[in-house]
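# Fold and contact review
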Amino acid sequence: MQAQTPAEAASARVRRFTPAQRWVHRATATLMAVCVLTAGCLYLPFLAELVGRRALMVTVHEWSGLLLPVPLLLGLASRALRADVTRLNRYGPHDRRWLRSALRRGSDRPAGKFNAGQKLYAAWLAGAVLVMAGTGLLMWFTHLAPLLWRTGATFVHDWLALALIVVIAGHVWRAYGDPEARRGMRTGTVDAAWARREHPLWEPEEEPERRVG
């Protein structure tokens with residue numbers, strides 16, 4: 001194989017996500033956005049007055065919430081997505097180093113394909129979606145549980161929804177500050193230099209044929 005020139009090495013790109021992985025992310029993000037917007041129309045008076053049609057907003061909110069896990073479940077047919085789910089659920093000593101460094105605002109942040117912050121975010125989001133779906137079903141189908149349970153479900157659903165909005169806003173803010181990460185999710189590839197800098201432990205996991213230039 002012919003060696004790359006410095007210019008070619010500088011412009012080399014590494015494949016980070018397959019089309020299936022990007023589709024799952026976009027579909028899930030779209031459904032989550034619909035959930036948040038319709039919830040705003042149900043809970044915020046000025047939005048409720050602006051949009052109206054409360055019954056429609058309730059129906060859209062219920063079904064978009066119910067469909068939230070579907071993109072991931074369908075995406076599990078992709079071997080690449082299953083591999084990423086495994087990566088997100090595996091923690092090592094480097095993840096503890098990353099977290100300590102992040103809390104101290106240090107620069108020593110070793111990471112594989114996903115850093116410790118991304119792993120924690122994915123785990124928290126998955127758990128929150130399951131809890132939101134469960135409490136939402138209790139609120140939707142009122143005959144499933146007694147009034148006391150439904151009252152507790154409403155309390156948990158509302159406050160967890162607020163926490164979700166805050167956490168997702170933080171996720172969007174972090175993505176806004178990292179154009180290369182956004183490009184990776186949009187196009188599937190990232191700059192090789194960015195990959196070495198932000199995810200130094202990821203390179204050994206990459207298959208040679210997945211490198212593109």
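Use the structure listed above.
About the thresholds
In this convention, every chain numbers its residues from 1, walking through the sequence in written order. Where totals are concerned, whole chains, interfaces and linings use all residues; where local detail is concerned, this predicted model gives features only for residues with pLDDT of at least 70, and gives and counts side-chain atom pairs only at 80 or more. The basis for every side-chain value is the complete set of non-hydrogen atoms in the structure, without hydrogens or water. Going along the chain from the N terminus, every DSSP run of H or I of four or more residues is numbered as a helix, and every run of E of two or more is numbered as a strand. Summary of the burial criterion: residues with accessible area below 20% of their type's maximum are buried, those above 50% are exposed, and those between are partly exposed, where the area comes from a 1.4 Å probe applied to protein chains only. By the counting scheme adopted, Arg and Lys are positive, Glu and Asp are negative, and His together with the chain ends is not counted. Should a side-chain nitrogen of Lys or Arg be within 4 Å of a carboxyl oxygen of Asp or Glu, the pair is scored as a salt bridge. Note on definitions: a residue-residue contact is assigned when non-hydrogen atoms from the two residues lie within 4.5 Å. A fitted line through C-alpha atoms represents every axis, and for helices the fit uses only the stretch in contact; the resulting angles, taken between N-to-C directions, go from 0 to 180 degrees. Any angle that falls under 35 degrees is termed roughly parallel, while one over 145 is termed roughly antiparallel, one within 65 to 115 roughly perpendicular, and all others oblique. Residues were grouped as follows: Ala, Val, Leu, Ile, Met, Phe, Trp, Tyr, Cys and Pro as nonpolar; Asp, Glu, Lys and Arg as charged; and all remaining residues, including Gly, as polar. In this description, a nonpolar core means a group of buried Ala, Val, Leu, Ile, Met, Phe, Trp, Tyr and Cys residues linked to one another through side-chain atoms lying within 4.5 Å. Arc, as used here, means the arc of the directions from the helix axis to the C-beta atoms.

### A closer look at the side chain of Arg-22
Its location among the elements puts Arg-22 in helix H2 (residues 19-43). No salt bridge is formed by the buried Arg-22; its nearest oppositely charged neighbour, Asp-84, is found at 11 Å. Setting aside residues up to four positions removed in sequence, Arg-22 forms contacts with Phe-17, Gly-184, Met-185, Arg-186, Thr-187 and Gly-188.

### Remarks on the packing of H2 against helix H10 (residues 179-187)
Remark: H2 packs on H10, axes separated minimally by 8 Å, with the N-to-C direction vectors making an angle of 105°. Between H2 and H10, the angle falls in the class roughly perpendicular. Of the residues in H10, those in contact with Arg-22, His-25 and Arg-26 of H2 are Gly-184, Met-185, Arg-186 and Thr-187. Grouping the constituent residues of the contact of H2 with H10 by class yields one nonpolar, three polar and three charged.

### A few points about the nonpolar core
In terms of nonpolar packing, the biggest core is built from 11 residues, these being Leu-31, Met-32, Cys-35, Leu-68, Leu-125, Ala-128, Val-129, Met-132, Leu-160, Leu-164 and Ile-168. Elements with a minimum of two residues in this core: H2, helix H8 (116-140) and helix H9 (147-176). Tallying contributions element by element places H8 first for this core, with four residues. Core analysis: the second largest hydrophobic core is formed by seven residues, Ala-12, Val-14, Val-190 and Ala-195 among them.

### Some words on H10
Given 3.6 residues per helical turn, the α-helix brings residues three or four places apart onto the same face. Listed as buried for H10 are Glu-180, Gly-184 and Met-185. Relative to the axis of H10, the buried residues are bounded by an arc of 140° and lie together on one face. On its buried face, H10 is in contact with strand E1 (13-15), H2, strand E2 (189-191) and helix H11 (192-198). At the exit of H10 stands Gly-188, carrying a positive phi of roughly 95°.

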